[in-house]
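Working through the structure, step by step
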Amino acid sequence: MSEMRVVGVLAVDDATQQGGGSGAGSGESRHPVVLLQETEGNRCLQIWIGLAEAEAIALEQQGRLPERPLTHVLISDVVSALGRRLERIEITEVRGGTFYADLVFDRGLRVSARPSDSIAIALHADVPIHATEGVLADAGVVVEDDEAEEAATTASSAGGADEDEVDRFRAFLDNISPEDFGRSG
């Protein structure tokens, strides 16, 4: 099991995900990806995520939260109110390009959750994020130190704390539709 850190959230062309793209329409189609890197290694994971989760992760990284709690904040508050403690999240499996994760609580309680939600919760609760060796072997990409630094710089500037970037992200959200990404199942 390796501890991971969130490098950032990036918008990536859908064609990159689907090996050439299959979308209808002539507009550029972008999709959010969260980039994780081993804290003690040089493997990275790219996990395609939903728009709401991308916004939640980006806002947590910036230390900015809206007035009303987002879902990941609500979940964290409910867990605390019930007297439980989230210890970590684990990215446990990847099947057919879909990642799976568990929220790991005190007393050994595990709850299955999407990695994107789990990452947002982990950032809010300030708990570690882990990935199993199997996930890293199957989906991890080895990056050289200078590539990792460049990716971190790109993701940081893409998910940086300036208001212009948040405004551009919101404009991105306002101008897309579910058809831009196809059906999720």
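Residues numbered from 1 in each chain as written. Predicted model: local features only at pLDDT ≥ 70, side-chain atom pairs only at ≥ 80, totals over all residues. Heavy atoms only, no water.

**Overview of the overall build of the protein**
Across its full length, the protein carries 7 helices and 8 strands. Within the protein, residue pairs in contact and separated by at least 24 positions form 62% of the contacts whose partners lie at least 6 positions apart. Accessible surface computed for the protein: about 10600 Å², of which carbon and sulfur atoms make up 47%. (Helix = DSSP H or I, 4+ residues; strand = E, 2+ residues; numbered from the N terminus. Contact = heavy atoms within 4.5 Å. Areas by Shrake-Rupley, 256 points an atom, 1.4 Å probe, with all protein chains shown as cover.)

**Here's the deal with the packing of helix α2 (residues 51-62) against helix α4 (residues 115-125)**
In a packed pair of helices, the relevant descriptors are the angle between the two axes and the axis-to-axis distance. In contact at an axis separation of 9 Å, α2 and α4 are set at 20 degrees when each is read in the N-to-C sense. Classified by the angle between their axes, α2 and α4 sit roughly parallel to one another. The handedness of the crossing between α2 and α4 comes out as left-handed. Contact residues: Glu-53, Ala-56, Ile-57, Glu-60 and Gln-61 in α2; Ser-116, Asp-117, Ile-119, Ala-120, Leu-123 and His-124 in α4. Considering only residue class, the contact of α2 with α4 consists of 5 nonpolar, 3 polar and 3 charged. (Axes fitted to C-alpha atoms, helices over the stretch in contact; angles between N-to-C directions. Parallel < 35°, antiparallel > 145°, perpendicular 65-115°, else oblique. Left-handed = near helix turned anticlockwise from the far one by under 90°. Nonpolar A, V, L, I, M, F, W, Y, C, P; charged D, E, K, R; others polar.)

**What about the pattern of salt bridges?**
Enumeration over the complete set of coordinates arrives at 12 salt bridges. Note that Arg-88 is salt-bridged to Glu-90, the shortest N-O span being 2.7 Å. On the basis of relative accessible area, Glu-90 is assigned to the buried category, the value being 5%. Across the pair Asp-117 and Arg-114 runs a salt bridge whose closest N-O atoms are separated by 2.9 Å. On the basis of relative accessibility, which here comes to 27%, the residue Asp-117 falls in the partly exposed class. (Salt bridge = Lys/Arg side-chain N within 4 Å of Asp/Glu carboxyl O. Buried < 20%, exposed > 50% of the residue type's maximum accessible area, 1.4 Å probe, protein only.)

**Description of α2**
Compared with an ideal rise of 1.5 Å per residue, which puts 12 residues at 16 Å, α2 spans 16 Å between its outermost C-alpha atoms and is within 8% of the ideal. Most of α2 sits inside the fold, with 9 of its 12 residues counted as buried. For α2, every residue scored as buried is listed here: Glu-53, Ala-54, Glu-55, Ala-56, Ile-57, Ala-58, Leu-59, Glu-60 and Gln-62. Positive phi appears at Gly-63, one or two residues downstream of α2, with a value of about 75 degrees. (Expected span 1.5 Å × (residues − 1).)

**Observations concerning the side chain of His-31**
Mapped onto the elements, His-31 comes out in strand β2 (residues 30-38). When its relative accessible area of 14% is taken as the criterion, His-31 is described as buried. A polar contact of 3.0 Å, which involves the side chain of His-31, links it to the backbone oxygen of Ile-49. (Polar contact = N/O pair within 3.5 Å; in protein donor to acceptor, adjacent residues only side chain to side chain.)

**Here's the deal with the packing of aromatic side chains**
Inspection of the entire model under this criterion finds 0 aromatic pairs. In this structure, Arg-95 packs its charged tip against the face of Tyr-100, placed 4.3 Å from the ring centre. (Phe/Tyr/Trp six-rings, centres within 6.5 Å; stacked < 30°, edge-to-face > 60°. Lys NZ or Arg CZ within 6 Å of the ring centre and 35° of its normal.)

**A look at the sheet that holds strand β3 (residues 43-48)**
The mixed open sheet is built from 8 strands, whose spatial order is β6-β5-β4-β7-β1-β2-β3-β8. Single-partner strands in this sheet number two, and they are β6 (110-113) and β8 (141-142). Bridging between β2 and β3 involves 5 bridges; their strand directions are antiparallel. In the sheet register, Leu-36 faces β3, and the bridge partner there is Leu-45. α4 rests against β1 (2-13), β2, β3, β4 (86-95), β5 (98-105), β6 and β7 (129-131) of the sheet, and its axis sits at about 35 degrees to β5. (Pairing = 2+ DSSP bridges.)

**Quick notes on the pairing of β3**
If you look at the hairpin formed by β2 and β3, you'll find 4 residues sitting between the two strands. Where β3 meets β8, 2 bridges bridge the pair, whose relative direction is antiparallel. The residue of β8 that forms the bridge with Arg-43 is Val-142.

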